Amino acid sequence: MTSAQEWHRVLQEAADWYVRLSDAPHDAAQHEAWRQWLHSQPLHPLAWEKINSVGQRFAGLGEQSDSVSMASGLRRAAAPGRRRAMGTLACLLTAGVGGWLVWRYPPVQDRLLAWQADSQTGVGEIRELRLPDGSLLWLNTASAVDFVMSGDQRLLTLHQGEVVVETAHDSARSFLVATRFGTMQALGTVFLVRKEAESAHLAVLEGAVEIRLASTGERRIIAQGGQVDVTAGGIGADAALDPAQAAWRNRVLAVDNMRLEDVLVQLSRYRRGYLGVHPDVADLKVMGAYPVPDTDAALELLAEALPIRVQRSLPWWVTIEPR
């Protein structure tokens, strides 16, 4: 079974080849050496596919570079070994190594609705909005919502990302946040809702919120200081609120004794590209407040506090290595 250390090493080799081919796009000997590397082990085509896919995302965002153009032309060369690599991928995912990758892919229908939403934020953007009813809304990075008022209801639909809502009093109209997993009805409340690919997370900062599960109609009230995850199958167990999870409203990521890997997963939400970590330092504990509008500065602060270094193979491919 492939280890996390091995997968990390192969990803770094792929990044190194990407840089070398970018620097010498017409060097035939270099290309031949790359092809030999590519087909020498089952993991190599898989790693190349990964770095190429990240590069293509940047090309799609209008950040096309010579290296992205070059690499997209080389994708076909990985095809002969790709079927063999897919079997290895299954082993990696079974081992949990897939969790090392930052990218997450929400369902297509949610993405389509997010693109057409009334209010959106880009990657790394945080916005504060005043809704037509007077409620305050904070939109976190890469979030999208629609808001509709009717005679007896105020409905905020969260298609993607994370919001904090401070509801304005209106005795005639209830305030609900809807996700495809269920609705959260405010009961005089400040609360947070975050939408993941397979769940929605609710944290109640003030007041209370009533959850209604979309699949069964199950209801539960979460009081101030509580949090819970909601999936298509049910409402999870109540847990104590971590107030720091809403600190992003002040443009900081506040952490207390959190694993470095988990900190990086959070920072990755505010930046484009790949952000990885060497397994040998993934479990280091982190404390402090880190700026989310400038994730490069946050990474440098982490490097000053921990025995790590920031390796930037490409502007959009960054890994955290042991110092």
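For the structure, check the block above.
Residues numbered from 1 in each chain as written. Predicted model: local features only at pLDDT ≥ 70, side-chain atom pairs only at ≥ 80, totals over all residues. Heavy atoms only, no water.

Caption draft 1: Here's a closer look at the sheet that holds strand β16 (residues 274-277). Pairing within the open sheet is mixed, and its 3 strands lie in the order β16-β19-β18. The open sheet terminates on both sides in strands that have one partner only, identified here as β16 and β18 (308-314). Mean inter-strand twist for the sheet, computed between neighbouring axes without regard to direction, equals 20 degrees. The sheet contact formed by β16 and strand β19 (residues 317-322) spans 4 bridges and is parallel. From the neighbouring strand, valine 277 faces β19, where its bridge partner is isoleucine 320. Helix α7 (residues 260-268) rests against β16, β18 and β19 of the sheet, and its axis sits at about 175 degrees to β16. (Pairing = 2+ DSSP bridges. Helix = DSSP H or I, 4+ residues; strand = E, 2+ residues; numbered from the N terminus. Axes fitted to C-alpha atoms, helices over the stretch in contact; angles between N-to-C directions. Contact = heavy atoms within 4.5 Å.)

Caption draft 2: Region of the structure containing the pattern of salt bridges. Applying the stated criterion across every chain yields a total of 16 salt bridges. Of the charged contacts, one joins glutamate 6 and arginine 9 as a salt bridge, the two residues approaching to 2.5 Å between their closest N and O atoms. Taken together, the residues span about one helical turn, with glutamate 6 and arginine 9 both in helix α1 (residues 4-23) at a distance of 3 residues. Residue arginine 220 pairs with aspartate 238 through a salt bridge whose shortest N-O separation is 2.8 Å. Within this pair, whereas arginine 220 is found in strand β11 (residues 219-223), its partner aspartate 238 is found in the loop between β13 (234-235) and β14 (239-240), the two being separated by 18 residues in sequence. The exposure class assigned to arginine 220 is partly exposed, which follows from its relative accessible area of 24%. Its relative accessible area of 48% is what places aspartate 238 among the partly exposed residues. Residues joined in a network through salt bridges with shared partners are Glu162, Arg194, Glu196 and Arg269. (Salt bridge = Lys/Arg side-chain N within 4 Å of Asp/Glu carboxyl O. Buried < 20%, exposed > 50% of the residue type's maximum accessible area, 1.4 Å probe, protein only.)

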